[in-house]
Amino acid sequence: MKKLIVIIIILAIIFVGMIVYKKTVIKNSNISIQEIEKIENYINQIYMWKEVTGEALPCFENINQANERWIWEVVKKNIEDDAPSYEQIQEKAKELFGQVFIKKFPKEGTQYFRYNEQENQYEASELELDQQGDLFLLNKIEKTRAGYEVEIIEYLEDYSPMLKEEAEDFIMIRNLAEEEIGKISGSAEEEETELVKRNIDKFNKKKLNLKIEKDKIYVEKVYE
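Cut-offs applied
Residues numbered from 1 in each chain as written. Predicted model: local features only at pLDDT ≥ 70, side-chain atom pairs only at ≥ 80, totals over all residues. Heavy atoms only, no water. Axes fitted to C-alpha atoms, helices over the stretch in contact; angles between N-to-C directions. Helix = DSSP H or I, 4+ residues; strand = E, 2+ residues; numbered from the N terminus. Parallel < 35°, antiparallel > 145°, perpendicular 65-115°, else oblique. Contact = heavy atoms within 4.5 Å. Buried < 20%, exposed > 50% of the residue type's maximum accessible area, 1.4 Å probe, protein only. Pairing = 2+ DSSP bridges. Phe/Tyr/Trp six-rings, centres within 6.5 Å; stacked < 30°, edge-to-face > 60°.

Asker: Explain the packing of helix H2 (residues 33-46) against helix H4 (residues 68-77) to me, please; I cannot follow it from the model alone.
Answerer: Pairs of packed helices are described in terms of their axes, by the angle between the two and the distance that separates them. The geometry of H2 relative to H4 is characterised by a closest axis approach of 8 Å and an angle of 115° between their N-to-C directions. For the element pair H2 / H4, the angle class is roughly perpendicular. On H4, the residues touching Asn44, Gln45 and Ile46 of H2 are Trp70, Val74 and Lys77.

Right, dumping it as structure tokens:
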């Protein structure tokens, strides 16, 4: 039940956050709100949980060199079918990472995407998530010849105060080293963007090279 509450809170905060900081990112830029939404939606698709993949978004020079656990967990996260075929998995990988992606899903499956030999399909196993949400904030977007260069700020939302028996009405904001940066009211999520921006030097930042191909966005490179 607690896990369900955490997921609901995460989704609600992400939705509110999308509305709050779009104008901040777009200021003094030739990027449209529609482009920002498209970029943010794509990064949400590939942004994971550190307790599952080690890093919510690992660094890599090209997608075929990225951490394999992260790659296949991203694919699993974006497949609606809980028991997809091998072909469905490969198709979803191409959809998320583009035609340059050449890695093959392991036939034997993975830790969280196990192969059912009798049914000849892959089954997603339940993930054990902690009480911290792995989130990012768009900080800068610049257009390039091929697409965009995007800088994100990474941070954690700690929901544990709200999940205690004597629940407290606040969420703790932490950096990736899990250091406490500040608190926001559980019913005033709009404070979050301001808090993160105000303490930007205390958070990790990453840059993503995104490529546009046939009106779709694909990640090419992630670096610090």
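Still to come is the rest of the account.
Asker: I tried to follow the pairing of strand E5 (residues 170-174) on my own but got confused; where do I start?
Answerer: Each regular strand carries side chains that alternate between the two faces of the sheet. Counting buried residues in E5 gives 5 out of 5 residues, a clear majority hidden from the surface. Two strands pair when backbone bridges link them, and strand E4 (residues 147-158) and E5 are joined in this way by 3 bridges, in the antiparallel orientation. The residue bridging glutamate 157 from the neighbouring strand is isoleucine 173, located in E5. As judged from the 5 bridges shared by E5 and strand E6 (residues 180-185), these two strands associate in the antiparallel manner. Of the residues in E6, the one forming a bridge with methionine 172 is lysine 183. The hairpin formed by E5 and E6 contains 5 residues between the paired strands, and glutamate 178 there has a positive phi angle of roughly 65°.

Asker: Is there a simple way to think about the environment of glutamate 142 in this case?
Answerer: Structurally, the position occupied by glutamate 142 is in strand E3 (residues 132-143). Along the chain, glutamate 142 and asparagine 30 lie 112 residues apart, while their C-alpha atoms are 8.4 Å from each other. Those residues in contact with glutamate 142 that lie beyond four places of it in its chain are Gly147, Tyr148 and Glu149.

Asker: Got a minute to help me understand unusual backbone geometry in this structure?
Answerer: Trans peptide bonds make up the majority, and among non-glycine residues the majority have a negative phi. The backbone of asparagine 120 sits at a positive phi, close to 55°, despite the residue not being glycine. Turning to its location among the elements, asparagine 120 is positioned in the loop between strand E1 (113-116) and strand E2 (121-124). The phi dihedral of lysine 214 is positive, around 55°, even though this residue is not glycine. Summarising the element assignment, lysine 214 is placed in the loop between strand E7 (204-213) and strand E8 (216-223). Taking the relative accessible area as the measure of exposure, lysine 214 reaches 81% and is therefore exposed.

Asker: What is the right way to read the packing of aromatic side chains from this model?
Answerer: By convention here, two paired aromatic rings are described through the distance between centres and the angle between planes. Counted by the stated rule, this structure contains 13 aromatic pairs. When the ring of tyrosine 47 is compared with that of phenylalanine 136, the centres are 5.1 Å apart and the planes differ by 55°; the resulting orientation is tilted. Taken together, the residues tyrosine 47 in the loop between H2 and helix H3 (50-53) and phenylalanine 136 in strand E3 connect sequence positions 89 residues apart. The burial state of tyrosine 47 is the same as that of phenylalanine 136; both residues are buried. Aromatic pair phenylalanine 105 and tyrosine 122: ring centres 5.1 Å apart, planes at 85°, arrangement edge-to-face. Here phenylalanine 105, found in the loop between helix H5 (86-97) and E1, pairs with tyrosine 122, found in strand E2; they are 17 residues apart in sequence, far enough to count as distant. Note on phenylalanine 105: relative accessible area 2%, which makes it buried. Its relative accessible area of 3% is what places tyrosine 122 among the buried residues. Through a chain of ring-to-ring contacts, three or more aromatic side chains come together here, namely Phe60, Trp70, Trp72, Tyr86, Phe97, Phe101, Phe105, Phe113, Tyr115 and Tyr122.

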